[in-house]
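As a plain string of letters, each chain reads:
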Amino acid sequence: MMQLANKLGRASSVLHRTTMSEAKSTHDRVLEVVSHLTQGRVGPVNPDSRLVEDLSLDSVALLELAIALETEFDLPLMNAATTSSIVTVRELQEHVEEQARRKR
Amino acid sequence: MNPPPLLSWILSPRKDRGLRFLQDSGGWEFFSFETLCNRSQGIASRIADSNVGAGDVVCVFLPTCPELFSAIYGTWIAGGSICLIVPPMMFENEETYVAHTSAIVSSAAPKAVVTTPQFGNLVGRILRSAGQLQATVINAEDWSGVPITPNLAAEVALLQFTSGSSGTPRGVRVTVANLRYNIEAIRQWIRMGADDVTATWLPLHHDMGLIGCLLTPTTNQSNVWIMRPDQFVRDPMRWLECFGRNDASLCAAPNFGYAYAARKVDPDLLTGMDFSSWRVAIAGAEPVDAQALTMFSELLRPFGFSTRAFLPAYGLAEATLAVAGGDPSTPPLAAHLDWGSLSFGEPVSIFSTNYLGNLACSRSAGWLVSSGKPHPGTSVTIVDDSGNGLPTDSLGEIFIAGPSVASGYSGNRDHGATKFTPEGVLTGDAGFIHDGELFVVGRMADSMKIRGRTIYADDLEIRLADGTGVSRGRLVVITVPGDQGGSVLSIGEQADQAWAIQAAQLLKGILGREISVKVGVGPKGTIQRTSSGKPRRRIMWQLDTLGHLDLQHVVAL
């Protein structure tokens, strides 16, 4: 898993323990991962951006996104069922925060 | 050519050969052809119990797994036709997914559905939404039925759905005879031996994954290493290991698969690997991208990979799969084109040609890689707008005839850029033949491919009209084949500069960085239309190439 994390090499910031005061930083870090994936080609990413409709992420890019988030936040593997209701970056931020909280 | 029957391997399935599936725990699980044969015959009996008769459709709703294999062959043993349904992908919106899948299932009208209990609720929702609740749902893991004798009575073996414009699915009717001929053409083309081993991560719901990487090696009874597409994206190293540490020698992938592996794999992890037995790496599904292949071969060459392994290929579901391909004994040929002078029906201006491995300039723009020669038995000609043959080196539409051409669309839905004629199939792809080799320039003005996904000009027009408030009657989107993934041209009638800027940004957002966008504004009448109001995109592409479109407020991104 560490090998995979190194290879993915995305936004490899130190893993924080999520506390209430750091909840905001989880949101920021999710935003960072998404922005890194779109590389500015579709303009700025904000919480209201829709992953498919506004950011034009295709199925491979969406998989890459999931892998990057799992690695960054040390989350359980995401799948189609747990992600089917996520449309916007905000919903993704909330999902990641919820998963990170459960982990604790 | 006398291709073996589709089920010939079932008469004497090998115990020592078979399929290896990558487990999520990380190991590979082996299933011999003998085991797979028994399971297929067992599930065939369940399928036959559901009154599936000759030509009845069975929808198979499974991801890449051993049960998918037994469901496919089990359906054929029982005499049915298969229609493979892809389960939802990561982040796929459930509503959209159910709507899209229901349209396919409704059009397929299945007698039975083979799936696993984990998908039970979703399959139920889809069948209800498709109005197909009469279909019997069969558990793919129940192969306990009494094995039945193969009864390949169906004419159509496979309904291969491709998405038309505005998401309307079209099912290509691929016959048993089509599959036999195409599988044999692939085996002869790549000189497939009994000891060749395939390694694949391609979705089995598409022609290249299903026919090229599963049915062909099965007919050949040779080993296959199989991963799901998401397992490849997660860790492309697992796929490379099949070649570098294990015995794999054959694969097929679209350009972006090679480019993705090259981007993601840490070269340090390749130490100790040996890719010298990697004999065939088919590059298909898009116009061949010399840069992607060069990146990949630069990464692996120090470890024994030969650029000669790359076989560019051209194919489409409407011709079963394989149409033309590069010769395994020579490196791919590339031509340096004068792209600016490309004109439909006219000779193509070629500055020079060279072999891919020799190209010092392979990364520079302007080189188009050949898709090789047509496979034996398949005829490829270049035709003009009226369907008349054009001389060699002329740019026209690619027309295919021969025993691999499918028997049309289900329900005769013939509204896309690809059209069946009594003689063959008009592909909607522009290309030319040089020195006996087929060069595919790209889709013709109505659609384009980005990372393997087809984008339709019709759909872009709808999104542009929605996003800018200028009605579709006053705008047009034209896809233009080009040297680096192509470009898109859009024209608005009686619009202003603000519209041009907004439209260009919107298109760029949808298409991404690799596609260039040009938007201009013209007076009423700039957009040429047919009597029924459809835009004449190819003519406008032509006029723009010749500089005959007088556009204002041009924005290029």
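Definitions and limits used
- Residues numbered from 1 in each chain as written.
- Chains lettered and ligands numbered in written order.
- Predicted model: local features only at pLDDT ≥ 70, side-chain atom pairs only at ≥ 80, totals over all residues.
- Heavy atoms only, no water.
- Salt bridge = Lys/Arg side-chain N within 4 Å of Asp/Glu carboxyl O.
- Helix = DSSP H or I, 4+ residues; strand = E, 2+ residues; numbered from the N terminus.
- Buried < 20%, exposed > 50% of the residue type's maximum accessible area, 1.4 Å probe, protein only.
- Pairing = 2+ DSSP bridges.
- Axes fitted to C-alpha atoms, helices over the stretch in contact; angles between N-to-C directions.
- Contact = heavy atoms within 4.5 Å.

1. A few points about the pattern of salt bridges
Scanning the model with the defined rule gives 27 salt bridges over all chains in all. The salt bridge involving B:Arg46 is made with B:Asp49; its shortest N-O contact spans 3.6 Å. Of this pair, B:Arg46 and B:Asp49 both sit in helix H1 (residues 33-49), separated by three residues, roughly a single helical turn. Here B:Arg46 falls in the partly exposed class, since its relative accessible area comes to 27%. Residues B:Arg187 and B:Glu184 are paired through a salt bridge, measuring 3.3 Å at the closest nitrogen-oxygen approach. Of this pair, B:Arg187 and B:Glu184 both sit in helix H5 (residues 176-189), three residues apart, roughly one helical turn. Accessibility expressed as a relative area gives 12% for B:Glu184, which makes it buried. One network of salt bridges, with partners in common, ties together A:Glu97, A:Glu98, A:Arg101 and A:Arg102.

2. Notes on the sheet that holds strand S26 (residues 475-480) of chain B
Residue and element names in this part refer to chain B. Spatially, S26-S27-S28-S29 is the arrangement adopted by the four strands of the open sheet, whose pairing is mixed. In the strand order of this sheet, the two ends are held by S26 and strand S29 (552-556), each with one partner. If you compare each strand with its neighbour and ignore which way they point, the axes differ by 15° on average. When strand S28 (residues 516-522) meets S29, the two strands line up antiparallel, connected through three bridges. When the sheet's bridge partners are listed, valine 521 is paired in S29 with glutamine 552. Lying over the sheet, helix H11 (residues 457-468) contacts S26 and strand S27 (487-493), oriented at roughly 140° with respect to S26. On top of the sheet, helix H12 (residues 497-511) reaches S26, S27, S28 and S29; it is set at about 155° to S28, its chief contact.

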